[in-house]
Every structure is written in C-alpha cells, then in structure tokens.
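Breakdown of the fold
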Amino acid sequence: MNNVLTEAINLKSYNLSESDKIIVMYSKEHGLIKGVAKGVKKPKSKLGARMDSLVANKVMLYKGKNLDTICQAESLNTFKETRQDLDKILYSSYISEVVSIFGIEDDPSSKEVYELFYKALDRISGAKSKKDVLIAVIKFQLKMMLIVGFGLEFDSCLCCREQILDEDMYFSVQMGGVVCKECNEALGVKLKLHHKMRDFLQAMMQFDFCYESDYDKKATNKVCEVCFNLLNEYIQSHTDKKIKAISVVDV
C-alpha cells in the first residue's frame, strides 16, 4: 500500500528546507513515524497549525522511498488549554520526550502507548490545579514504564520477596522497587519510602487512568512532587538521553 492512514500525536519537528519540515509523530498503529510536511512554513499552508507539537491528528501519509509525505491531516485534539499554561506545556513536553525515548518504529505496544499518551495529554489540558497535572503525569510515568517492560515493584521486597505491609521501606532506583528494612541493612539504599506513599504509587499504577480514587483526592502537592521526582529519576536511569523539559519544570 502506498498510503497509510493513522491517528498520531506530533512529538517534534525539524526544518528540512525553506518551506518544509519533518514531523516526528507517535501513531496508534505504527509507533514512531515521521513524514515531510511540504510547504508547512508558508502562511497559507493547508497543514498549518495541525503540524505543531502536541497536536493529535488523523493523518494520511504517502509512502516514499526514503521519506514519507504527509498528504492530509485532520485535527482530533489540539489540547488548547495546555497552550495557555506554562506548567501544562512543560509537563506535556516532558511526557512527549518520554514517548520519544521509549517509543519505537512498528511498536507492538503502539495502541497501548498511544492511548496512554493521549489520555495523559487530555488530562493535563483539562487539569484545574498543579496537583491534578502532577497526578496525570505520575500515572503516565508508572503505566508507561510498565508497558515498556520496566514496571516497578511496590508490593514485595525485591531481595527476600516478603510482602511489605504497613511499615516503612526503601526505594531502590537501580533495582526498580522497594526493599524491606531488614534487607536494606546489607544494601544501604538511602531513599526511605513511607508505606502510605508506596500505597499512593501502587494505586496510581494499578487503577484505570481516568478513575479518580481516594488517593487522588487525598494526595498533596508535596507528595505528588516527591513521587514525580522519584519516578523521573527511575526513568532517567533507563536511558542515556537527558529529558530536557525537566530542567525547566519547577517541582
């Protein structure tokens, strides 16, 4: 087939010529894809703002020898409320970078990743507070790492495999989960994790993205900030690429 029709979210773009750009997208059926948007830099371009970053489109691409060409784009969601709020822009850019890093071409998990990415962008856009933005990002961080095979263990100690109940524990970025106090005497993990924070993280990972649990309601800004930073450190430990948006995110 010469044409590909898919839903895709724009991640980033590169200048190709005076009037053309290469758009990198994450698509529902094919994972990471890219295509040339011809004439997009011209004022009267038919593609125009639909090729901006963080816009979801239904796109048609014509398969070329080296590069595909974007023939048509129909906007599905511009997440317009995000564009009026710096925090929302930064956190949306953050999750977009995570998708760029861990997404692959012909991704077998493309539908799952795309739907998670879309829901996260939509929740950030409609968020009424910084806390709501952070909860959406935390859910994305946990679920994205689960999809790509780096899911975290919060229930049992990674060393002795005993379940950890209502007691404090330690979080190991290197091991990807929790360690009980007894086992940590030998390991010496520095990051202590209160069992209530562990319960919050576990709920964020397990519940459906759109479900608002008691944990969502009771969480404070401080808890969300600590959890975001902890998860970001874990994500960064699995890539040698620096997530740029984080350098300007104020948490």
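Right above here is the structure, for reference.
In this text the structure is predicted, and so the values were computed from the model without any measurement. (Residues numbered from 1 in each chain as written. Predicted model: local features only at pLDDT ≥ 70, side-chain atom pairs only at ≥ 80, totals over all residues. Heavy atoms only, no water.)

1. Topic: the overall build of the chain
Helix and strand content of the chain: 7 helices and 8 strands. On C-alpha atoms alone, the chain measures out to a radius of gyration of 20 Å, which is about the 18 Å that the 2.2 N^0.38 rule sets for 251 residues. In terms of overall dimensions, the chain has a C-alpha envelope of 65 × 35 × 30 Å along the principal axes. Here the chain holds 251 residues, and 50% of them are scored as buried. Carbon together with sulfur atoms contributes 48% to the accessible area of the chain, which is approximately 13,000 Å² in total. The centroid of the 36 positive side-chain charges in the chain is displaced by 7 Å from the centroid of its 35 negative side-chain charges. (Helix = DSSP H or I, 4+ residues; strand = E, 2+ residues; numbered from the N terminus. Rg over C-alpha atoms; globule rule 2.2 N^0.38 Å. Buried < 20%, exposed > 50% of the residue type's maximum accessible area, 1.4 Å probe, protein only. Areas by Shrake-Rupley, 256 points an atom, 1.4 Å probe, with all protein chains shown as cover. Lys, Arg positive; Asp, Glu negative; His and termini not counted. Charge placed at Lys NZ, Arg CZ, Asp CG, Glu CD.)

2. Looking at the sheet that holds strand β3 (residues 31–37)
Spatially, the 5 strands close up into a barrel ordered β1-β2-β3-β5-β4, and their pairing is mixed. Looking at each pair of strands side by side, their axes are set apart by 50° on average, direction ignored. Of the strand pairs in this sheet, strand β4 (residues 56–62) and strand β5 (residues 68–77) are connected by 7 bridges, and their pairing is antiparallel. Bridging from a neighbouring strand, Y62 pairs with T69 of β5. Lying on the sheet, helix α2 (residues 110–126) is in contact with β1 (3–15), β2 (21–27), β3, β4 and β5; it crosses β1 at an angle near 60°. (Pairing = 2+ DSSP bridges. Axes fitted to C-alpha atoms, helices over the stretch in contact; angles between N-to-C directions. Contact = heavy atoms within 4.5 Å.)

3. Observations concerning the side chain of N184
One can find N184 in helix α4 (residues 181–187). Under the relative-accessibility criterion, N184 is labelled buried at 6%. Apart from residues no more than four positions distant in its own chain, N184 is found in contact with Y170, V179 and V189.

4. Quick notes on the packing of aromatic side chains
If you walk through the whole model with that rule in mind, you get 7 aromatic pairs. Aromatic pair F154 and F171: ring centres 6.3 Å apart, planes at 25°, arrangement stacked. Of this pair, F154 sits in the loop between α3 (130–147) and β6 (169–172) while F171 sits in strand β6, and the two are 17 residues apart along the sequence. Classification of F171 as buried rests on a relative accessible area of 1%. Put simply, the rings of F79, Y114 and Y118 touch in pairs and so form one group of aromatic residues. One Lys or Arg, K139, reaches over the ring of F209 and ends 5.9 Å from the middle of that ring. (Phe/Tyr/Trp six-rings, centres within 6.5 Å; stacked < 30°, edge-to-face > 60°. Lys NZ or Arg CZ within 6 Å of the ring centre and 35° of its normal.)

5. What to know about a nonpolar patch on the surface
A contiguous nonpolar surface patch, about 290 Å² in accessible area, is contributed by F207, Y211 and Y215. When you line up the elements, Y211 lands in the loop between α5 (195–206) and α6 (214–218). (Patch = residues over 30% accessible without salt bridge, like charges linked within 9 Å, V, L, I, M, F, W, Y side chains within 5 Å. Salt bridge = Lys/Arg side-chain N within 4 Å of Asp/Glu carboxyl O.)

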